[in-house]
Structure formats: structure tokens, C-alpha cells
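Coordinates in review
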Amino acid sequence: MTFPSAERLSAHSSLLHARSEHALRGIPDNTFAAIVTDPPYELDFARQVNQSWDATGIAFSVDVWAEAMRTVKPGGNLIAFGAPRTHHRLVTAVENAGWEVRDGMVAWVKSYGFPKRLELQELLVKRGHPDLAKRFAGAQNIMKPAHEPILIARKPLDGDLVDNIIRHGVGGLGIDACRVPTDDDRSRPPGKAIAGDVLNMSRGSAPSSSHPGGRWPTNMLLIHGPDCVEGGPCEVGCPAAELELQKRGSARYFPQFHYSGRASGRERPVVDGVRHHTVKPVALMEWLVKLACPVPGMKILDPFAGTGATAEAAERVGLGHETLLIEQSADHIPLVRERFRTLVPA
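Going along each chain's sequence as written, the residues are numbered from 1 onward. Thresholds applied to this predicted model are a pLDDT of at least 70 for local features of residues and 80 or more for the giving and counting of side-chain atom pairs; totals over whole chains, interfaces and linings are not thresholded and use all residues. Where side-chain values are given, they derive from all heavy atoms of the structure, hydrogens and water being excluded.

**A short note on the overall build of the protein**
- Secondary structure counts use DSSP, requiring at least four H or I residues in a row for a helix and at least two E residues in a row for a strand, with both numbered from the N terminus. Within the protein, the secondary structure is distributed over 10 helices and 12 strands.
- Between buried and exposed lies partly exposed: a residue is buried under 20% and exposed over 50% of the maximum accessible area for its type, with that area taken using a 1.4 Å probe on protein chains only. Relative to its 346 residues, the protein shows a buried fraction of 46%.
- The contact criterion used throughout is that any non-hydrogen atoms of two residues lie within 4.5 Å. Sequence separation of at least 24 residues holds for 74% of the intrachain contacts in the protein that already meet a minimum separation of 6.
- Counting only carbon and sulfur atoms, one obtains 54% of the accessible surface of the protein, whose full area is about 17,700 Å². In short, Shrake-Rupley with a 1.4 Å probe defines the accessible areas, and a residue's cover is counted only from the protein chains shown.

**Quick word on the pattern of salt bridges**
- By definition here, a salt bridge exists when the distance from a side-chain nitrogen of Lys or Arg to a carboxyl oxygen of Asp or Glu is within 4 Å. All told, the structure shown has 13 salt bridges when counted by the stated rule.
- Among the ionic pairs, E148 bridges to K280, the shortest N-O distance being 3.8 Å. Taken together, the residues E148 in strand β6 (residues 147–154) and K280 in the loop between β10 (274–275) and α8 (282–292) connect sequence positions 132 residues apart. The exposure classification of E148 matches that of K280, with both residues buried.
- With a shortest N-O distance of 2.6 Å, R339 and E312 are connected by a salt bridge. In this pair, R339 is assigned in helix α10 (residues 333–341) and E312 in helix α9 (residues 309–317), connecting sequence segments 27 residues apart. Summarising the burial analysis for this pair, R339 and E312 share the class buried.

**Comments concerning helix α3 (residues 87–96)**
- Those residues of α3 that sit buried are H87, L90, V91, A93 and V94. What you see down the axis of α3 is that its buried residues fit within an arc of 165 degrees, all on one side.
- As for α3, its buried residues are in contact with α2 (62–70), β4 (72–81), β5 (100–109) and β6.
- Taken from the residues just after α3, G98 is the one with a positive phi, measuring 115 degrees. This arc corresponds to the set of directions leading from the helix axis out to the C-beta atoms.

**Considerations on the pairing of strand β11 (residues 299–302)**
- Of the pairings in the sheet, the one linking strand β3 (residues 32–37) to β11 comprises two bridges and is parallel in character. Looking across to β11, one finds that I35 is bridged to L301.
- At least two bridges found by DSSP between two strands is the condition for calling them paired. Two strands pair when backbone bridges link them, and β11 and strand β12 (residues 322–327) are joined in this way by four bridges, in the parallel orientation. From the neighbouring strand, D302 faces β12, where its bridge partner is L325.
- When the strands point away from the viewer and the path from the first strand over the helix to the second turns clockwise, the crossover is right-handed. In this region the chain leaves β11, passes through α9 and returns to the parallel neighbour β12; the handedness of that crossover is right-handed.

**Points about unusual backbone geometry**
- The phi dihedral of N30 is positive, around 55 degrees, even though this residue is not glycine.
- With respect to the helices and strands, N30 occurs in the loop between α1 (20–23) and β3.
- We note that E42 has phi near 60 degrees; this positive angle belongs to a residue other than glycine.
- Its place among the elements puts E42 in the loop between β3 and α2.
- Residue class for E42 comes out buried when judged on its relative accessible area of 14%.

**Points about the packing of aromatic side chains**
- Classification of ring pairs rests on two measures: the distance between centres of Phe, Tyr or Trp rings, Trp counted by its six-membered ring, which must be within 6.5 Å, and the angle between planes, read as stacked under 30 degrees, edge-to-face over 60 and tilted in between. Enumeration according to the criterion identifies two aromatic pairs in this entry.
- Their ring planes at 55 degrees and their centres at 6.0 Å tell us that W65 and F304 sit as a pair that is tilted. One end of the pair, W65, is in helix α2; the other, F304, is in the loop between β11 and α9, and 239 residues separate them in sequence.
- In this structure W65 comes out as buried when scored by relative accessible area, which is 0%.
- Sitting above the plane of the F81 ring, K280 keeps its charged end 5.0 Å from the centroid. Whether a charge sits over a ring comes down to the Lys NZ or Arg CZ being within 6 Å of the ring centre and within 35 degrees of the ring normal.

**Let's talk about the side chain of S20**
- As for its placement among the helices and strands, S20 is situated in helix α1.
- Residue S20 is classed as buried on the basis of its relative accessible area of 4%.
- Setting aside residues up to four positions removed in sequence, S20 forms contacts with I58, P303, F304 and I326.

**Here's the deal with the nonpolar core**
- Counting 31 residues, the largest nonpolar core has I79, F81, I150, M285, L288 and L291 as the members making the most contacts within it.
- Elements supplying a minimum of two residues to this core: β3, β4, β5, β6, β7 (220–223), α8 and α9.
- For this core, the element with the highest residue contribution is α8, accounting for eight residues.
- We call a set of buried Ala, Val, Leu, Ile, Met, Phe, Trp, Tyr and Cys residues a nonpolar core when their side-chain atoms join them within 4.5 Å. Grouped together as the second largest cluster of nonpolar side chains are 30 residues, L16, L90, L151 and I326 included.

**Examining the packing of α8 against α9**
- Helix axes are fitted only over the stretch in contact, all axes being lines through C-alpha atoms; the angle between N-to-C directions runs from 0 to 180 degrees. Packing of α8 against α9 brings their axes to within 8 Å, and their N-to-C directions diverge by 70 degrees. By the angle between their directions, the pair α8 and α9 is classed as roughly perpendicular. Our pair here, α8 against α9, has a crossing hand that is right-handed. Across from V282, M285, E286, V289 and K290 in α8, the residues of α9 making contact are A309, T310, E312, A313, A314, R316 and V317.
- A per-class count over the contact of α8 with α9 returns seven nonpolar, one polar and four charged. Convention used here: angles under 35 degrees read as roughly parallel, angles over 145 as roughly antiparallel, angles from 65 to 115 as roughly perpendicular, and any remaining angle as oblique. Two helices cross in a left-handed way if the nearer one is turned anticlockwise from the farther one by less than a right angle. They cross in a right-handed way if the turn is clockwise. Each residue gets one of three labels, nonpolar for Ala, Val, Leu, Ile, Met, Phe, Trp, Tyr, Cys and Pro, charged for Asp, Glu, Lys and Arg, and polar for the others, Gly among them.

All quantities given are derived from atomic positions and should not be read as evidence of function.
Written out as C-alpha cells, the structure is:
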């Protein structure tokens, strides 16, 4: 996969410094097997650090998502992050562009989050309403954020799924690669389904056995806290630990990642004091790449590259996937190069 104006980062990853809405027009139809991306949340978050890339409206552009879909083969997957407050607009734009929404929200449940609270009582007093301040004691303007939604969509199939795979070599999700490891014996004896028992509806007279890869992956992902120890104790507030407190053994049903909810220091490149403030953990991105790309040698597009975590994840999966990154910010291009300079091979 070569593009004349793209910079080669490695044998499998390339970078285009351009605006997505412009770069996409130069890409041939049906080039990619999947898009895995972290578009702007359109919250104007970057304004706090004197940047404007998070308030352009591009993530809600039907035209951009339609153009992106044109570059993907029929049956190709789209995985895109969103923010709880604006995710509905992302989903609406993607669906209006012609994509099929397969899972409107995969919940990435995190171990941190700080509400941007409003000093409501203090402001009421300052505006001359002490009585109202007393009446509204304990009221606030927002809840603590503890998850980020992830959208899974698909370009419409050419025929049914089997037809599509035969014609285009694309289709489906990498379920086995994303299974939740377990030592539990989940085999079931033969028997009739019990009323209301969805698990046993397809059992019939044949027994079923445990899949060696583990449980079917869920649409909720648990991120352990920064001080959690793999195989050891969890910190207070860890999502997996909190779930266990509610019902012992519950957390084992969900994919879990043992690292901070934020990307680690090595995963957050800094060049000349410049950093990206919304970097996603590579382990999480690896899981999503495996989900979007179930067979080796697939071509992946990330039209909102940031620091290039998608490409690093694809490299680390080790299946020969090729990734094209598109990034508009001149400040972020050196960060992508720095990430690949320190990349540890799979």
C-alpha cells in the first residue's frame, strides 16, 4: 500500500500530513479493510491548551464519513471513539453517511475521571442569592465521567456475509482473538432449553463445550487502575474491583486491561515540550485492531491519527496489517515519528 505523498514510518505504516476531508478524496475506492480511529470529541477541550483541533465539527460531518466509507471495502468495519456528551452526534453522522451501526456503544470503563464541577452555591451567593445557595446545597452540574463510548459500524455488505467474504475478503469481527480468557468449565450437557434461558436456546440435544480461547467478548471493557497489580490487589475505585464488590466473580465476564486508564508514559510521546492530550492506551488499541481485522494482512485507515497509536497497535498485533495514518496538525506529526522511533517490535 503506497501513496506518493505519504511518509514511510515502517515497512507496514505510512503517514499523510493533511486534512482528512482532503486526503480521503485521493484514495481509491475499496482500498481498506477497516477504519480504526479516535476522532475529535468536538468538546473544545484543546482550547484549554491553546489548540483548536477539537472544535472543528469534522467528527460530525456526514460528507467526511461518507468519503471514508467509499475507501473501505464492502463489509469493512469502522471503530471510532466518542465522548459521552457528543457520541450521539457521531453515531448519527456515521449512520447518515450510509454505514450500518453494529454496536452503537462499546463502553470503555475507566478507573479515573474528574467532573468539571461548578461552584454553584458560591456563585449564587456572589450574585446576591444566599437563600437559593442554601436551598441548592449539594447540587452540581455534572456527574463524574467513568467511561468513553466506542462505536462499531460496518460498510453495507455485498450480498450476505458469506458472499461478501468470498467477493471482497472482508467481513466479520475477530471474536476469537478478543475472547476473555478463563479457566472456568463452561461446557453444557445436552437438553432442552428452559423458558427464558437465552444461553440454552440453541442447545437442543447436542452437548456444548468450552471454547479454549475463553468467553465471548462483551461490549464493556474494564480498565484497571494505575496502581492495580496483575494477579494481585486492586486499588480503590478500580472498575473491576468495584464490580467484584457488588457480586463476586462478576468481573471475569469482561475483557480487562492491566494498566492505567490513561496511556503510559512511553505511549504518550513528547517532542520539544509538545504532547497530545487524548492518547489512547496501545493495549486497548491492539484489542480493537484484532476485533476490526480478523485475518492477517489487512489494510487499516486512521483518518484522525493523533500520535499514531492505531498504527503502533497494528504493528504489535504482528499479523502484517498495513496502516495509513492521516493527521492534519503540524504539532502532532513529530509525535507520530517519535512513537515509531521508540517502537518495540511485536
